[in-house]
Amino acid sequence: MQGLIFSPLHMALTPQDIARIAHLARLELQPEEAGRMQSQINGFFDIVEKMRAVDTTGVEPLSHPVAAVLDVTLRLRDDAVTESNQREANQRSAPAVERGLFLVPKVIE
């Protein structure tokens, strides 16, 4: 995020960071709510830092969360097209279409 500074060793948000995030999210936080939010998010960052400190050298990624305790075989299907292109039919009810794209009013300046 622009304006937020994270140290590679320890990430922590300041009250100003929380105020900026709340503003961008169009949230009105009372001071006690902002303080609680700052504590919760910084607590999350602390957990992430602890996880990053774990040596995972030689540990293979799991294909499924349960694969650590059970032999899990994933049932994969072929990636094949099973339906025809219905773009024109789906766009018939649209108020405005141009070159196969829906046209919508500008909402962000």
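Located above this text is the structure these notes cover.
The following paragraphs examine the structure supplied in this document. Just so you know, these numbers come straight off a predicted model, no measurement behind them. (Residues numbered from 1 in each chain as written. Predicted model: local features only at pLDDT ≥ 70, side-chain atom pairs only at ≥ 80, totals over all residues. Heavy atoms only, no water.)

### Observations concerning the environment of V48
Among the secondary structure elements, V48 is positioned in helix α2 (residues 31-52). The exposure class assigned to V48 is partly exposed, which follows from its relative accessible area of 21%. Separated by 53 residues in sequence, V48 and L101 place their C-alpha atoms 41 Å apart. (Helix = DSSP H or I, 4+ residues; strand = E, 2+ residues; numbered from the N terminus. Buried < 20%, exposed > 50% of the residue type's maximum accessible area, 1.4 Å probe, protein only.)

### Details of the environment of D46
Position of D46 relative to the elements: it lies in helix α2. Along the sequence, D46 and R26 sit 20 residues apart, while their C-alpha atoms lie 26 Å from each other.

### Some remarks on unusual backbone geometry
Although it is not a glycine, R26 adopts a positive phi angle of roughly 60°. Owing to a relative accessible area of 67%, R26 belongs among the exposed residues under this scheme. Backbone geometry at R99 places phi at a positive 50°, although glycine is not the residue there. Mapped onto the elements of the fold, R99 is located in the loop between β1 (97-98) and β2 (101-102).

### Some words on the packing of aromatic side chains
Tallying each qualifying case throughout the model produces one aromatic pair. Measuring from ring centre to ring centre gives 6.0 Å for F44 and F45, while their planes differ by 50°; the resulting arrangement is tilted. (Phe/Tyr/Trp six-rings, centres within 6.5 Å; stacked < 30°, edge-to-face > 60°.)

### Remarks on the pattern of salt bridges
Once the charged atoms of two side chains with opposite charge are near each other, the side chains can pair. For the coordinates displayed, the defined rule picks out two salt bridges. The shortest N-O distance in the salt bridge between E49 and R52 comes to 3.3 Å. Of this pair, E49 and R52 both sit in helix α2, separated by three residues, roughly a single helical turn. (Salt bridge = Lys/Arg side-chain N within 4 Å of Asp/Glu carboxyl O.)

### Topic: the side chain of D17
Relative to the assigned elements, D17 resides in helix α1 (residues 15-24). We note that D17 is buried and unpaired, the nearest opposite charge coming from R20 at a distance of 6.9 Å. Engagement of the side chain of D17 in a polar contact is seen with the backbone nitrogen of T14, the distance being 2.9 Å. (Lys, Arg positive; Asp, Glu negative; His and termini not counted. Polar contact = N/O pair within 3.5 Å; in protein donor to acceptor, adjacent residues only side chain to side chain.)

### Some thoughts on the side chain of N42
As for its position among the elements, N42 is in helix α2. Residues in contact with N42, not counting those within four places in the same chain, are M11, A12 and L13. (Contact = heavy atoms within 4.5 Å.)

### Focus on α1
Listed as buried for α1 are D17, I18 and A22. Mapping the buried residues of α1 onto a view down its axis gives an arc of 135°, with all of them on the same face. Exposed residues pointing more than 90 degrees away from the buried face of α1 are listed as Q16 and H23. The elements touched by buried residues of α1 are α2. (Arc of directions from axis to C-beta.)

On their own, these measurements won't tell you what the molecule is for.
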